[in-house]
Amino acid sequence: MERGGNKPYHTVINAENFHALQTLLYTHEGKLDAIYIDPPYNTGAKDWKYNNDYVEADDSYRHSKWLAMMERRLKLAKRLLNPENSVLIVTIDEKEYLRLGLLLEQIFIEAKVEMVSSVINPKGTGRSGDFARTNEFLFFIRLGTATVSGRTDDSSVGTEVAWETMRRRNLASKRGRRGKGACGPNQFYPIYVSETTGAIVGRGDPLPADTPHTNILPPKGTVAVFPIRADGTEMNWEYTDSAFDKWWSKGYIRANGKKNEPQPYIIQHLPNKARKEIDSGAVTVDGKRGDGTVIARYVEASSKHVTTQWDFTSHSAEHGGTGILKAVLPERRFPFPKSLYAVEDALRFFVADKPNSIILDFFSGSGTTAHAVMRLNKQDGGQRQCISITNNEVSADEQKALRKKGLRPGDAEWEALGICDYITKPRIRAAITGQTPEDEPIKGDYKFTDEFPMADGFEENAEFFTLTYEAPRPIAHNKSFSIIAPLLWLKAGARGKRIDKRCDDFAVADTYAVLFDLDVTAAFIAALAKAKDCRMAFIVTDDDRGFQTVCGELPPGIEAVRLYESYLTNFTINTGRD
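The rules we used
- Residues numbered from 1 in each chain as written.
- Predicted model: local features only at pLDDT ≥ 70, side-chain atom pairs only at ≥ 80, totals over all residues.
- Heavy atoms only, no water.
- Pairing = 2+ DSSP bridges.
- Helix = DSSP H or I, 4+ residues; strand = E, 2+ residues; numbered from the N terminus.
- Contact = heavy atoms within 4.5 Å.
- Axes fitted to C-alpha atoms, helices over the stretch in contact; angles between N-to-C directions.
- Phe/Tyr/Trp six-rings, centres within 6.5 Å; stacked < 30°, edge-to-face > 60°.
- Buried < 20%, exposed > 50% of the residue type's maximum accessible area, 1.4 Å probe, protein only.
- Lys NZ or Arg CZ within 6 Å of the ring centre and 35° of its normal.
- Parallel < 35°, antiparallel > 145°, perpendicular 65-115°, else oblique.
- Left-handed = near helix turned anticlockwise from the far one by under 90°.
- Nonpolar A, V, L, I, M, F, W, Y, C, P; charged D, E, K, R; others polar.
- Arc of directions from axis to C-beta.
- Polar contact = N/O pair within 3.5 Å; in protein donor to acceptor, adjacent residues only side chain to side chain.
- Salt bridge = Lys/Arg side-chain N within 4 Å of Asp/Glu carboxyl O.

Undergrad: So what exactly am I meant to see when it comes to the sheet that holds strand S5 (residues 135–144) here?
TA: Paired through their backbone hydrogen bonds, the strands of a sheet run either parallel or antiparallel. A sheet is described by the order of its strands in space; here nine strands give the open sequence S16-S4-S5-S3-S2-S17-S18-S1-S21, paired in mixed fashion. Bordering the open sheet on either side are strand S16 (309–310) and strand S21 (461–466), each of which pairs with just one other strand. Both strand S4 (residues 112–119) and S16 contribute to a ladder of two bridges, which runs parallel. Pairing of serine 117 across the sheet is with glutamine 309, part of S16. Across the sheet, helix H2 (residues 62–80) lies against strand S2 (34–37), strand S3 (85–92) and strand S17 (358–361), angled at about 160 degrees from S2, the strand it touches most.

Structural data, given as structure tokens:
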């Protein structure tokens, strides 16, 4: 479905997720910016299936079976992530969080692994004789240079920017200390404060480490202020003498409050973050005080550090999860959907500055992750794309009812009730169009970061595929092109038109092309030269010399991929069999 113009497509893949991850190694190995998964929590409830084997609540090996299932998938997920800068986000509850944490540490040895506790049910679950649990956990596994961005604070608009103390706090920053964390020689100097006005009037020269600060005589009518703690420990200022001159002249450093301590006045400054926000326009300078310091206020929502304890109204699973799903799919139910806003926030911390990022969810369930990515795109005009993988299993209770009717997997009535066809795809369609599956406008509004009617929908594109098991021989002999056609489109960026059918010579789409016959190479190269957005060329041949010849003639910037060798080799390597 298309509503987003030339934006890339979100894709939903109906498949067993282990097989789908193996397939994505062909299209996206090392290319993903984020993976968000909400795997089964292994509570013993019959609400998940893998290879038709339930893990029963009384199974003595249910923990090891669950870990084996997760380990196989996480190892493939690691290969899909960009090792230079990416994140894996995994949600879990108390049943398996300890084992999962150890597994993640084992697989992602070189990564930074952190856990957050998040309140998702403020009322608490009613469990007789137990604590009423309100929270679950999120593991954040950061690869390469990935860092956590701040959380938007909408309440800050119009408020004055907070000043911070300019005296260093860490004892590693004591005056005269050497080694790691120590300050330079020019960060211990007197700041002169007027005894009459309480305003800074200048500074003195930095003192050598062996010169007592009591040797300094301040100008008449002023007090010499050094960075000294209440217990007499000599520290350092945040800035060198030259940096002090720069920021004080701009009105970014002030004296604020007289004290009967070794440091007689509090010296404050606007930190680097605030100065950058002034430069960007997020903070405006309304004027200056009598001492020449700026009055700075937020005109845009500020950003706060994110803690490891989350308790946000928007993360309630009842309202942000079940409530949203009821509005989008009024007549359909799905157990325990995640809060849309909780997923949105978790991803925002890592892809806010990546408008073209690719996000994967291989336990996509109701499709919350794709929905959240759409909201992120709307907020900043981004072109992020989400790949959602889910199977089309029906619940245990539904299976019993269907079998009583004489139905089995593959029957239309059976498949219509599967997760993918009954929940995931309809939700994504409804979110984009703003209409329920019954063609009624969705009632209600989105809340929090971006408030607007759900009926407005999103300017996004989406495509839906089913991954099948195929024999290698027909593919190798160019007889099953239509089967792998969607994967070529995915590998080329999931954007624009798709080449679905094999032809006699070649075909050129928006972002990729396929050469079926080496005898028309000249015409193929000429067509590629006119295709400005083409980034990939698939060459169908078992002739290595012929393939190399075509590669040498391709226009600059176009990557060559050999079919069907590259495709089949992917599965030979990643499954250990043909």
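Undergrad: Would you take a moment to explain the packing of aromatic side chains for this structure?
TA: Here a ring pair, both rings aromatic, is described through the centre-centre distance and the interplanar angle of the planes. Scanning all chains against the criterion turns up 21 aromatic pairs. Note on phenylalanine 362 and phenylalanine 363: the rings are 5.2 Å apart at their centroids and 40 degrees apart in plane angle, and the pair reads as tilted. With relative accessibility at 9%, the residue phenylalanine 363 sits in the buried group. Seen from their ring centres, phenylalanine 452 and phenylalanine 458 are 5.7 Å apart, and the 90 degrees between their planes marks the pair as edge-to-face. Counting every residue linked through ring pairs, the aromatic cluster contains Phe140, Trp310, Phe312, Phe349 and Phe350. The lysine or arginine in question, arginine 72, covers the ring of phenylalanine 18, its NZ or CZ lying 3.8 Å from the ring centre.

Undergrad: Where do I start with the packing of helix H1 (residues 17–28) against H2 in this structure?
TA: In a packed pair of helices, the relevant descriptors are the angle between the two axes and the axis-to-axis distance. In the contact formed by H1 and H2, the axes pass within 10 Å of each other and the chain directions differ by 15 degrees. Taken together, the axis directions place H1 and H2 in an arrangement best described as roughly parallel. The crossing of H1 and H2 is left-handed. In contact with Asn17, Phe18, Leu21, Gln22, Leu24, Leu25 and His28 of H1, H2 contributes Arg72, Arg73, Leu76, Arg79 and Leu80. When its residues are assigned to classes, the contact of H1 with H2 shows six nonpolar, three polar and three charged.

Undergrad: Hey, could you run me through the sheet that holds strand S24 (residues 536–540) in this one?
TA: In space, the four strands of this open sheet follow the order S22-S23-S24-S25, with mixed pairing throughout. Pairing within the sheet leaves two strands with one partner each, and these edge strands are strand S22 (506–508) and strand S25 (559–563). Direction aside, neighbouring strands of the sheet carry axes that sit 15 degrees apart on average. Bridge count between S24 and S25: five bridges; the pairing is parallel. Bridging across to S25, alanine 537 finds its partner in alanine 560. Its contacts with the sheet put helix H13 (residues 481–491) on strand S23 (512–515), S24 and S25, and the angle it makes with S23 is roughly 145 degrees.

Undergrad: Which parts of the structure should I look at to understand the pairing of strand S13 (residues 283–288)?
TA: On a regular strand, each side chain points to the face opposite its neighbour's, so the side chains alternate between the two faces of the sheet. For S13 and strand S14 (residues 294–298), the ladder comprises five bridges, and the chain directions are antiparallel. Following the sheet pairing, lysine 288 is matched in S14 by valine 294. A loop of five residues connects S13 with S14, the two strands running antiparallel in sequence, and glycine 292 in this loop sits at a positive phi of about 90 degrees.

Undergrad: Can you help me understand helix H5 (residues 272–280) in this one?
TA: One turn of the α-helix equals 3.6 residues, which is why residues spaced by three or four share an orientation. All of the buried residues in H5 are Ala274, Arg275, Glu277 and Ile278. Down the axis of H5, the sector holding all buried residues measures 160 degrees, keeping them to one side. Facing away from the buried side of H5, by more than 90 degrees, are the exposed residues Lys276, Asp279 and Ser280. After H5 finishes, the residue glycine 281 shows a positive phi value of roughly 95 degrees.

Undergrad: Looking at this structure, I do not really get unusual backbone geometry. What am I missing?
TA: What you tend to see is this: most non-glycine residues have negative phi, and most peptide bonds are trans. Residue tyrosine 564 follows leucine 563 across a cis peptide bond; omega there is 5 degrees. Within the secondary structure layout, tyrosine 564 lies in the loop between S25 and helix H16 (565–575). With a phi close to 65 degrees, aspartate 439 is a non-glycine residue in the positive phi region.

Undergrad: Explain H1 here, please?
TA: Within H1, 12 of the 12 residues are buried, which leaves it mostly tucked inside the rest of the structure. Here H1 has its buried residues at Asn17, Phe18, His19, Ala20, Leu21, Gln22, Thr23, Leu24, Leu25, Tyr26, Thr27 and His28. The backbone nitrogen of phenylalanine 18 has a side-chain oxygen 2.9 Å away, supplied by the residue at the start of H1, namely glutamate 16. Remark: glycine 30 follows H1 within two positions and exhibits a positive phi of approximately 75 degrees.

Undergrad: Please clarify how the side chain of serine 86 should be interpreted in this entry.
TA: Among the structural elements, serine 86 can be located in strand S3. According to the relative accessible area criterion, serine 86 is buried, its value standing at 2%. Excluding residues within four positions of it along the chain, serine 86 makes contact with Leu32, Asp33, Leu81, Ile141, Arg142, Leu143 and Ala146.

Undergrad: Please clarify how the side chain of serine 480 should be interpreted in this entry.
TA: Along the chain, serine 480 turns up in the loop between helix H12 (472–476) and H13. The contact partners of serine 480, leaving out residues within four places of it in the chain, are Pro474 and Ile475.

Undergrad: Honestly, the pattern of salt bridges in this entry has me stumped. Any pointers?
TA: Should their charged atoms come close, side chains of opposite charge can pair. Applying the stated criterion across every chain, the model contains 31 salt bridges. Notably, a salt bridge pairs glutamate 96 with arginine 99, separated by 3.5 Å at the nearest N-O pair. Residue classification places glutamate 96 among the buried positions, given a relative accessible area of 0%. In this structure arginine 99 comes out as partly exposed when scored by relative accessible area, which is 33%. Residue arginine 498 is joined to glutamate 463 by a salt bridge in which the shortest nitrogen-to-oxygen separation is 2.9 Å. With arginine 498 in the loop between H13 and S22 and glutamate 463 in strand S21, this pair connects stretches of sequence that are 35 residues apart.

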